[in-house]
Structure formats: structure tokens, C-alpha cells
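# Results of the structural survey
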Amino acid sequence: MHRIVSRRPSPATIISLVALFVALGGTGYAAVALAPRNSVGSAQVINGSLLKKDLSKKTVAALKGNRGLRGPAGPQGAAGSAGAAGATGPAGAAGAVGATGPVGATGPATGPAGGALAGTYPNPTLAPIEAWHEIGAAGEPAFVNSWHNFGGGFSTAAFAKDSLGFVHLKGTITDGTANTAFTLPAGYRPAQSLFIPMANVTFGYIRSTGTVEPNDFTVDVGLDGITFKAG
């Protein structure tokens, strides 16, 4: 059988244990008894371990330095994209009329004349009257009511218009059985009916419808010299 041998700790061991207890207990007491409540001393802080939230507002304010000098302006940024076009504004008031410019030089007075004139500038002349339209000729108005040219070398019945728009009659006619002798075509008629003298009769009519009517169809009638403006 084995016997349990009881051994007492040596005095050196006991002294070592007491010293350890004192050392550990003294440090803990100092940490609790010497530091104020809710405070931490430098000895308890590891460098770099505190954050801003761990500091009081007064401490943060004390640590804040004065505002430094303003730094240089940075380079200009790139231009932004163009915005949408705005609505068209109202039209402005009309400006004042400018001064009249100088009159240009007169052009050369040359070239062919036109209208009622013939020839060339600077010495044009009145355009000649058109060719006579003979009554009874092919393509021209015919005599009616037995009227015909007097003959014997006297002027034949005809009409023509000049460059100014006047109609001229000529001729000597005879042997009618009614007043109307012939009818002028459109473009050669007066705008309104005319009551005019005719040779060898008191008067006659040239109506706006174009009819030429001596007032007496029992005698010879002269039409030379009758002129009127075409309507």
C-alpha cells in the first residue's frame, strides 16, 4: 500500500505567494482609488486607441485649431452640356426708317420704243395706225340691210385702231333698206353708245353693241373722220 505523505510548503514559497498577492492587489487598488470616477488617465490609454467620440465636447473644442489660410483655387472644370433652347422672346419694336439714298445716275436714253411709240430712243415717234379692216372683205364684218360702198372712186367703208386706242372710220355707203349698215367687232366698240353727226344725214348712232346706224337709210352717207375711243 502507498501512504499519502503530507508536505508543508516551505517558508520561501509562502513569502513568494504573499508578495504576489500584495503586488496584484496594490495595482488594482491604485487604479480604483487614485483615478476619479468616470475618468481615464494617461497611464490607462494606449497610444492611438482613443476616437473622437471618446472625448468630451470641451476637449474636442480645445483641440480644434484656428482656420488656416485659404488654399489656391483649383483648375476650372470642363464646360457642362448646353441647356435646352429657351422660348422665343417677343419681337422688338420696328426701327426708324433710314435716310433715302442718293438718286442713281440716269441710264442711257437708247433702245427700242414700245406701246404707243415706234422707233428708238431718244427720238421715238407715234406708232402708225394699224391696217384698215375693209367691210365686206374676207374675214371682216359684212354689210347688212343691202348697204354697200358708193363706188365711183369714193372711199370704201373700213375701220382701224391707232396706237392710243382710238377707232377711226372711213367710207361712203348707200342703198340701205334699214338703219344698221354693219357691226364693229369686239375691241373696236365704244364703252357707251354714241350719237354723232354723219355726212349727208343729220346724225347717226354707233352703239356699244358695235352697230353703225345712220338715221336715214334712203340717202348716201359719209363715215370719213368719225373717231372715238374704244371701250
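Rules used throughout
Within each chain, residue numbers correspond to sequence positions counted from 1 in written order. Selection of residues for local features in this predicted model requires a pLDDT of at least 70, selection of side-chain atom pairs for listing and counting requires 80 or more, and totals for whole chains, interfaces and linings are taken over all residues. Where side-chain values are given, they derive from all heavy atoms of the structure, hydrogens and water being excluded. Strands are runs of DSSP state E lasting at least two residues, helices are runs of H or I lasting at least four, and both sets are numbered from the N terminus onward. Exposed residues in this analysis have more than 50% of their type's maximum accessible area, buried residues have under 20%, and partly exposed residues fall in between, with area computed by a 1.4 Å probe over protein chains only. It only takes one pair of heavy atoms within 4.5 Å for two residues to be counted as in contact. In these tables, accessible area is a Shrake-Rupley quantity obtained with a 1.4 Å probe, and a residue counts as shielded only by the protein chains included in the view. A pair of strands is treated as paired once DSSP finds two or more bridges between them. For this analysis, a polar contact is any N or O atom pair within 3.5 Å, provided that within protein one partner can donate a hydrogen and the other can accept it, and provided that sequence-adjacent residues contribute only side-chain to side-chain pairs. The criterion for an aromatic pair is that two Phe, Tyr or Trp rings (for Trp, the six-membered ring) have centres within 6.5 Å, with stacked assigned to planes under 30 degrees apart, edge-to-face to planes over 60 apart and tilted to the rest. Should the NZ of a Lys or the CZ of an Arg lie within 6 Å of a ring centre and within 35 degrees of the ring normal, that charge is described as sitting over the ring. Here, the term nonpolar core denotes a set of buried Ala, Val, Leu, Ile, Met, Phe, Trp, Tyr and Cys residues that are joined through side-chain atoms within 4.5 Å. The residues that make up patches have over 30% relative accessible area and no salt bridge, and they are joined within 9 Å when like-charged or within 5 Å when they are Val, Leu, Ile, Met, Phe, Trp or Tyr. Whenever Lys or Arg places a side-chain nitrogen within 4 Å of a carboxyl oxygen from Asp or Glu, that contact is recorded as a salt bridge.

## Quick notes on the overall build of the protein chain
- Counting secondary structure elements, the protein chain contains 2 helices and 15 strands.
- Buried positions account for 19% of the 231 residues belonging to the protein chain.
- Long-range contacts, defined here as pairs at least 24 residues apart, represent 55% of the contacts in the protein chain between residues at least 6 apart.
- Within the structure as shown, the protein chain displays about 17,500 Å² of accessible surface, and the carbon and sulfur contribution to it stands at 60%.

## Remarks on the pairing of strand S12 (residues 201-206)
- Summarising the sheet, strand S11 (residues 194-198) and S12 pair through 4 bridges and their orientation is antiparallel. Note that in S12 the partner of Leu194 across the bridge is Ile206.
- Where S11 hands over to S12, the hairpin turn is made up of 2 residues, of which Asn200 adopts a positive phi near 75°.
- Two strands pair when backbone bridges link them, and S12 and strand S13 (residues 211-214) are joined in this way by 3 bridges, in the antiparallel orientation. Considered in S13, the bridge of Tyr205 is made with Glu213.
- Taken together, S12 and the strand that follows it, S13, pair antiparallel across an intervening segment of 4 residues, in which Gly210 is found at a positive phi of about 100°.

## Quick look at the side chain of His133
- Looking at the element boundaries, His133 is found in strand S5 (residues 133-134).
- Among the polar contacts listed, one links the side chain of His133 to the side chain of Glu130, at a separation of 3.1 Å.

## Structural notes on the sheet that holds S13
- Within the open sheet, the 4 strands sit side by side as S10-S13-S12-S11. Their pairing is antiparallel. Of all the strands in the sheet, the pair left with one neighbour each is strand S10 (182-183) and S11.

## Remarks on the packing of aromatic side chains
- Scanning the entire structure with this criterion turns up 6 aromatic pairs.
- Geometrically, the ring pair formed by Phe150 and Phe154 is edge-to-face, given 5.2 Å between the ring centres and 90° between the ring planes.
- Note on Phe150: relative accessible area 37%, which makes it partly exposed.
- The class of Phe154 is partly exposed, set by a relative accessible area of 49%.
- A centroid spacing of 4.5 Å and a plane angle of 40° characterise the contact between Phe195 and Phe203, whose relative ring orientation is tilted.
- Put simply, the rings of Phe195, Phe203 and Tyr205 pair up and form one aromatic cluster.
- When the ring centre of Tyr205 is taken as reference, the NZ or CZ atom of Arg207 above it lies at 4.4 Å.
- Looking at Lys229, its charged tip hangs above the ring of Phe166, at a distance of 4.9 Å from the centre.

## Overview of the nonpolar core
- With 22 residues, the main nonpolar core has Leu169, Ile173, Phe182, Leu184, Leu223 and Ile226 as its most contacted residues.
- Of all the secondary structure elements, the ones that give two or more residues to this core are strand S8 (166-170), S11 and S12.
- In contact with Ile173, not counting residues within four places along its chain, are Phe143, Trp147, His148, Asn149, Phe150, Ala157, Ala181, Val219, Asp220, Val221 and Leu223.

## Some points on a nonpolar patch on the surface
- On the surface, Leu126, Leu164 and Phe166 cluster together into a nonpolar patch covering about 280 Å² of accessible area.
- Mapped onto the fold, Leu126 is located in strand S4 (residues 125-126).

## What to know about the sheet that holds strand S9 (residues 172-174)
- The strand order S6-S9-S14 describes an open sheet built from 3 strands, whose pairing is antiparallel. Across the chains shown, the open sheet's two edge strands, defined by having one partner strand only, are strand S6 (148-149) and strand S14 (221-222).
- In this structure, S6 lies alongside S9, joined through 2 bridges in antiparallel fashion. Bridge pairing in S9 places His148 opposite Thr174.

Remember that the coordinates give geometry; whether it matters functionally is a separate question.
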